[in-house]
Amino acid sequence: MSKPLTDQEKRKQISVRGLAGVENVSDLKTNFNRHLHFTLVKDRNVATKRDYYFALANTVRDHLVGRWIRTQQHYYEKDPKRVYYLSLEFYMGRTLQNTMVNLALENACDEATYQVKQTGQVRMKTFTQCLGVGLGLDMEELQDIEEDAGLGNGGLGRLAACFLDSMASLGLAAYGYGIRYEFGIFNQKIVSGWQVEEADDWLRYGNPWEKARPEYMRPVHFYGRVEHTPEGVKWVDTQVVLALPYDTPVPGYRNNIVNTMRLWSAKAPCDFNLKDFNVGGYIQAVLDRNLAENISRVLYPNDNFFEGKELRLKQEYFVVAATLQDIIRRFKASKFGSTEYVRLDLSTLPDKVAIQLNDTHPALAIPELMRILVDVEKLTWEKSWDIVVRTCAYTNHTVLPEALERWPVDLFQNLLPRHLEIIYEINRRHLERIAKLYPGDHDRLRRMSLIEEGNVKKINMAHLCIVGSHAVNGVARIHSEIIKDTVFKDFYDVDPQKFQNKTNGITPRRWLVMCNPGLAEVIAERIGEDYIRDLDQLKKLLKFVNDDAFIRDVAKVKQENKMKFAAHLEDHYKVKINPNSMFDVQVKRIHEYKRQLLNCLHIITLYNRIKREPNKSWTPRTIMIGGKAAPGYHTAKMIIKLITSIGDIVNNDPVVGDRLKVIFLENYRVTLAEKADLSEQISTAGTEASGTGNMKFMLNGALTIGTMDGANVEMAEEAGEENLFIFGMRVPDVEALDKKGYDAMSYYNRIPELKQAMDQISGGFFSPNQHDLFKDLVNMLMHHDRFKVFADYEAYIKCQEKVSALYKNPKEWTKMVIHNIAGCGKFSSDRTITQYAREIWGMEPSLEKIAAPDDIH
Ligand SMILES: *Cc1c(COP(=O)(O)O)cnc(C)c1O
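Owing to the predicted nature of the structure, the values given are computational and were not obtained by experimental measurement. (Residues numbered from 1 in each chain as written. Predicted model: local features only at pLDDT ≥ 70, side-chain atom pairs only at ≥ 80, totals over all residues. Heavy atoms only, no water.)

Chemist: Would you mind showing me how to read the nonpolar core here?
Modeler: Grouped together as the largest cluster of nonpolar side chains are 230 residues, with contacts concentrated most on Phe790 and Trp841. The leading source of residues in this core is helix 11 (residues 310-333), at eleven residues. What Trp841 contacts, discounting residues up to four positions off in sequence, is Lys81, Val83, Met167, Leu172, Ala354, Gln356, Ile833 and Tyr836. Leu36, Val60, Met100 and Val258 belong to the second largest nonpolar core, which has 21 residues in total. (Core = buried A, V, L, I, M, F, W, Y, C linked by side-chain atoms within 4.5 Å. Buried < 20%, exposed > 50% of the residue type's maximum accessible area, 1.4 Å probe, protein only. Helix = DSSP H or I, 4+ residues; strand = E, 2+ residues; numbered from the N terminus. Contact = heavy atoms within 4.5 Å.)

Given below as structure tokens:
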């Protein structure tokens with residue numbers, strides 16, 4: 001058998017050659033050496049691998065510069081409507097390879113190879129090999145040196161990153177605005193089966209993709225008090241923190257567009273705390289600059305959970321206040337906005353600016369824009385409110401009550417006193433309207449208020465967002481229906497036209513071309529490469545469902561990916577992996593609602609069955625679970641410990657052998673999708689707003705076992721329900737069970753295999769050194785499980801039996817895979833963004849290229 005191709009070799013094969021022939025290797029080489037010398041200040045004798053990574057990154061980055069400047073000039077000249085995507089998270093991952101894919105640069109390097117010589121004797125085959133000769137380097141090794149930009153927790157942050165790629169690829173004048181956290185999501189270590197967090201010092205060696213713009217620094221005010229004067233309202237005696245912008249280029253896919261992601265970093269002003277200094281005060285004042293600069297220090301590591309800390313509220317206001325100054329400055333400086341009329345009143349802002357709020361995290365944009373319009377620009381309240389509502393739109397990401405932001409009024413009063421006044425006034429007018437619509441309905445007023453009364457008065461940020469936006473969207477069809485029927489029903493009743501759906505998507509550039517070049521090529525061989533920017537074209541693959549050669553090619557790519565991953569796992573975890581086993585994968589944040597515990601019960605059930613009938617021909621499985629637990633989420637951390645403990649028993653049982661392995665994948669950040677056969681999407685129906693991990697797996701040729709939740713519903717619709725493994729309660733079933741009262745014990749008493757598994761967990765079978773280690777988990781599952789794991793146990797196990805049976809028939813399995821890939825088109829974030837643009841932002845996407853600049857000279 002021939003050696004499997006490396007990813008690098010596979011990418012070379014991709015027929016999408018883009019700019020190949022225009023770029024040339026000698027230029028790339030020259031620039032690489034120039035950066036090594038002038039930027040890194042190293043010669044080949046002392047350069048480290050990291051130096052070579054930075055030299056390569058800078059060489060590739062140079063190709064963005066001309067396009068970036070030209071794109072921004074183009075926007076100034078054309079003055080299109082701008083869209084601002086405000087998010088506390090941008091989970092970007094690595095940038096080098098993505099840039100090369102979008103600029104078609106990898107191929108350019110590869111094409112030009114034959115002419116290049118390293119020493120004058122050897123004719124090099126490729127640029128990368130050229131770098132490698134005598135250095136022991138290859139491209140993948142260099143790419144591995146890049147730190148992830150982990151400025152997000154999970155799906156919400158990764159969605160923002162996919163949207164940036166799609167907005168640039170669709171030629172939209174778009175900006176991502178967020179915070180440049182000095183520390184992103186923590187690095188996860190597993191020590192004796194427990195999660196341990198390490199600080200993510202991702203900027204330690206510098207970030208070649210960002211450009212600081214100190215000339216655009218902006219002040220952000222906190223604390224102080226409000227003065228009502230005849231000239232208007234003044235917010236005075238505030239503390240000022242400066243917001244220093246760092247720009248990162250966002251290249252579109254081969255269209256010469258480069259948009260900007262602008263992330264703010266907190267900087268203390270020069271005179272911070274120096275007002276009345278004395279001899280001892282000066283040193284202390286300089287040391288105290290940290291206090292101000294802590295605002296952008298660290299990402300809060302919670303996914304789907306609200307933690308009402310003052311520092312987090314500061315972060316939320318910081319990004320909003322700095323961004324709105326930027327938006328208004330750009331509006332006023334635009335050709336369109338710089339007329340005297342507009343300068344005076346800003347009433348055309350909604351025609352030129354759309355602001356999209358990624359969840360309620362940047363909700364303060366609403367009162368902050370009101371403050372600017374009313375207090376600074378001196379517009380009337382009514383006029384200002386009209387502008388705000390027509391400019392802002394809000395995306396809801398969850399219905400879990402513990403995730404909804406409800407800030408204590410006291411915190412606001414102290415930190416943002418003027419914003420509190422504005423929110424009260426918004427609420428007064430809002431409730432006045434509701435009271436007119438529903439005379440005497442006091443309970444409705446209470447339910448719809450922006451202010452929740454009670455022990456601690458709280459501001460309901462979702463209510464603020466709905467009232468202050470012209471569009472409110474959920475992120476999958478089922479989720480958008482649920483918010484209209486439940487959490488936001490009262491708001492839907494009064495403003496039904498506001499409520500929309502925008503089913504999430506993922507970018508096929510990163511999540512197929514970049515991470516799975518082998519599959520991308522096999523597809524391109526059949527239907528050409530246009531599908532990369534028009535994913536609906538994957539439908540054309542239906543013609544090949546019964547084509548033996550195509551079936552063989554798809555299965556072969558999957559097998560190669562699995563082999564490579566198995567080798568990596570054996571290296572890393574010292575576990576012997578059977579590459580012919582089914583790779584059964586659940587990677588996502590660890591959360592009760594995502595039900596990793598249901599997966600655990602299946603593993604234990606399989607284990608017990610193998611032990612009971614060791615000679616039966618079991619379909620071998622390698623079950624991989626990965627994901628981070630929020631550091632303060634005790635139950636999630638216990639779930640990790642349970643998974644690793646089950647692995648310790650199962651993986652070391654000689655009776656089981658290589659028919660069942662359980663692996664916890666440490667520090668899940670980036671792609672894993674390409675290696676999986678089976679994707680686990682098993683949340684309780686009604687709890688996962690959309691999911692995007694499910695889409696990544698589908699696009700990469702894994703089959704889904706899942707509940708009718710989030711985007712799974714639409715995946716089944718697109719691929720045909722017969723091509724997914726759907727099981728368990730639907731939303732109405734869950735509601736009915738809630739009504740009746742969920743009684744976990746009844747399932748435990750009725751289902752012997754469930755009872756056996758639970759008894760093993762509670763009896764210390766998986767924790768021989770501490771029998772009661774999992775007593776809290778067991779108690780939760782038996783007595784207060786909000787997510788009804790036992791109620792879906794039987795259906796899940798039966799469904800997994802069907803999965804195992806099908807896996808024994810590789811051809812039928814692969815046919816089902818092809819149906820899934822062919823049905824994937826809807827889940828491109830290009831489709832999602834096109835809908836946002838047309839239905840919320842009033843913008844029209846375009847696949848046109850703009851003129852390419854002459855890059856490097
Ligand atoms: C896509 C992605 C997620 C979201 O996965 P879900 O299964 O939808 O929860 C989380 N983390 C990372 C690193 C991702 O890339």
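Chemist: Explain a nonpolar patch on the surface here, please?
Modeler: The grouping of Tyr282, Ile283, Val286 and Leu287 at the surface amounts to a nonpolar patch, some 380 Å² of accessible area in total. Its location among the elements puts Val286 in helix 9 (residues 279-287). (Patch = residues over 30% accessible without salt bridge, like charges linked within 9 Å, V, L, I, M, F, W, Y side chains within 5 Å. Areas by Shrake-Rupley, 256 points an atom, 1.4 Å probe, with all protein chains shown as cover. Salt bridge = Lys/Arg side-chain N within 4 Å of Asp/Glu carboxyl O.)

Chemist: Looking at this structure, how should I read the sheet that holds strand 17 (residues 458-460)?
Modeler: The strands that make up a sheet are held in pairs by hydrogen bonds between backbone atoms, and each pair lies either parallel or antiparallel. An order of 15-17-16 is seen for the three strands of this open sheet, with the pairing classed as antiparallel. The open sheet has two free edges, formed respectively by strand 15 (406-408) and strand 16 (451-452), since each of these has just one partner strand. (Pairing = 2+ DSSP bridges.)

Chemist: Quick question: what am I supposed to make of the sheet that holds strand 23 (residues 678-681) here?
Modeler: Strand order in the open sheet formed by six strands is 22-21-20-23-24-25, and the pairing between neighbours is parallel. If you trace the sheet from one side to the other, it starts and ends with strand 22 (660-665) and strand 25 (725-726), each paired once. As judged from the six bridges shared by strand 20 (residues 582-587) and strand 21 (residues 621-626), these two strands associate in the parallel manner. In the sheet register, Met582 faces strand 21, and the bridge partner there is Arg621.

Chemist: I'm lost on the site of the ligand in this one. Help?
Modeler: Residues in close proximity to the ligand total 14 residues, the closest being Lys588, Lys594, Arg669, Thr692 and Lys696. A distance of 2.8 Å is found between an oxygen atom of the ligand and a backbone nitrogen or oxygen belonging to Thr692. Within the contact set of the ligand, an oxygen atom lies 3.0 Å away from a backbone nitrogen or oxygen of Gly693. Contact with the protein chains hides 95% of the accessible area of the ligand, taken as 390 Å² for the molecule alone. Elements that contribute at least two residues to the shell around the ligand include exactly helix 8 (155-169) and helix 27 (693-699). Its residues placed into classes, the shell around the ligand shows four nonpolar, five polar and five charged. (Near = heavy atom within 4 Å. Polar contact = N/O pair within 3.5 Å; in protein donor to acceptor, adjacent residues only side chain to side chain. Nonpolar A, V, L, I, M, F, W, Y, C, P; charged D, E, K, R; others polar.)

Chemist: Explain helix 26 (residues 634-651) to me, please; I cannot follow it from the model alone.
Modeler: Relative to the 26 Å expected for 18 residues at 1.5 Å per residue, helix 26 spans 26 Å between its end C-alpha atoms, a close match to the ideal helical length. With 14 of 18 residues buried, helix 26 is to be regarded as a mostly interior element. (Expected span 1.5 Å × (residues − 1).)

Chemist: I'm lost on the environment of Met708 in this one. Help?
Modeler: The residue Met708 is located in the loop between strand 24 (703-706) and helix 28 (712-719) in this model. Once the C-alpha coordinates of Met708 and Glu529 are considered, the two residues, 179 residues apart in sequence, prove to be 32 Å apart.

Chemist: Hey, could you run me through the packing of aromatic side chains in this one?
Modeler: The description of an aromatic ring pair uses the distance of the two centres, along with the angle that the planes make with each other. For the coordinates displayed, the defined rule picks out 21 aromatic pairs. Arranged with centres 5.4 Å apart and planes meeting at 65°, the rings of Phe163 and Tyr836 form a pair that is edge-to-face. Here Phe163, found in helix 8, pairs with Tyr836, found in helix 35 (residues 829-841); they are 673 residues apart in sequence, far enough to count as distant. Tyr836 shares its class with Phe163; the two are buried. With a centroid separation of 5.7 Å and 85° between ring planes, the pair formed by Tyr492 and Phe499 is classed as edge-to-face. For Tyr492, a relative accessible area of 28% puts it in the partly exposed group. For Phe499, a relative accessible area of 10% puts it in the buried group. Cluster of aromatic residues (ring-pair linked, three or more members): Tyr84, Tyr175, Tyr177 and Trp264. Its end group placed over the ring of Tyr205, Arg50 keeps NZ or CZ at 3.6 Å from the ring centre. Just above the ring of Tyr438 sits the side chain of Arg444; from NZ or CZ to the centre is 3.8 Å. (Phe/Tyr/Trp six-rings, centres within 6.5 Å; stacked < 30°, edge-to-face > 60°. Lys NZ or Arg CZ within 6 Å of the ring centre and 35° of its normal.)

Chemist: Whenever I open this one, the packing of helix 25 (residues 596-612) against helix 33 (residues 793-807) confuses me. Can you help?
Modeler: Angle between the axes and distance between the axes: these two values describe a pair of packed helices. Packing of helix 25 against helix 33 brings their axes to within 10 Å, and their N-to-C directions diverge by 60°. On the basis of the axis angle, helix 25 is oblique to helix 33. The two elements helix 25 and helix 33 cross, and the hand of that crossing is right-handed. When helix 25 is examined against helix 33, the residues Leu598, Asn599, Leu601, His602, Thr605 and Arg609 are found in contact with a partner set consisting of Tyr793, Tyr796, Ile797, Gln800 and Glu801. Split into classes, the residues belonging to the contact of helix 25 with helix 33 amount to five nonpolar, four polar and two charged. (Axes fitted to C-alpha atoms, helices over the stretch in contact; angles between N-to-C directions. Parallel < 35°, antiparallel > 145°, perpendicular 65-115°, else oblique. Left-handed = near helix turned anticlockwise from the far one by under 90°.)

Chemist: Quick question: what am I supposed to make of the pattern of salt bridges here?
Modeler: If charged atoms from side chains of opposite charge come close, those side chains can pair. Applying the stated rule across the entire model yields 72 salt bridges. Two residues, Arg289 and Glu293, come together in a salt bridge whose shortest N-O distance is 3.8 Å. On the criterion of helical spacing, the pair formed by Arg289 and Glu293 is a turn pair, its members being four residues apart in helix 10 (residues 289-293). The partner of Glu844 in a salt bridge is Arg838, with the nearest N and O atoms 2.8 Å apart.

Chemist: What is the right way to read the environment of Gln143 from this model?
Modeler: Tracing the backbone shows Gln143 in helix 7 (residues 139-145). Judged by its relative accessible area of 8%, Gln143 falls in the buried class. Separated by 47 residues in the primary sequence, Gln143 and Leu96 have C-alpha atoms spaced 7.0 Å apart.

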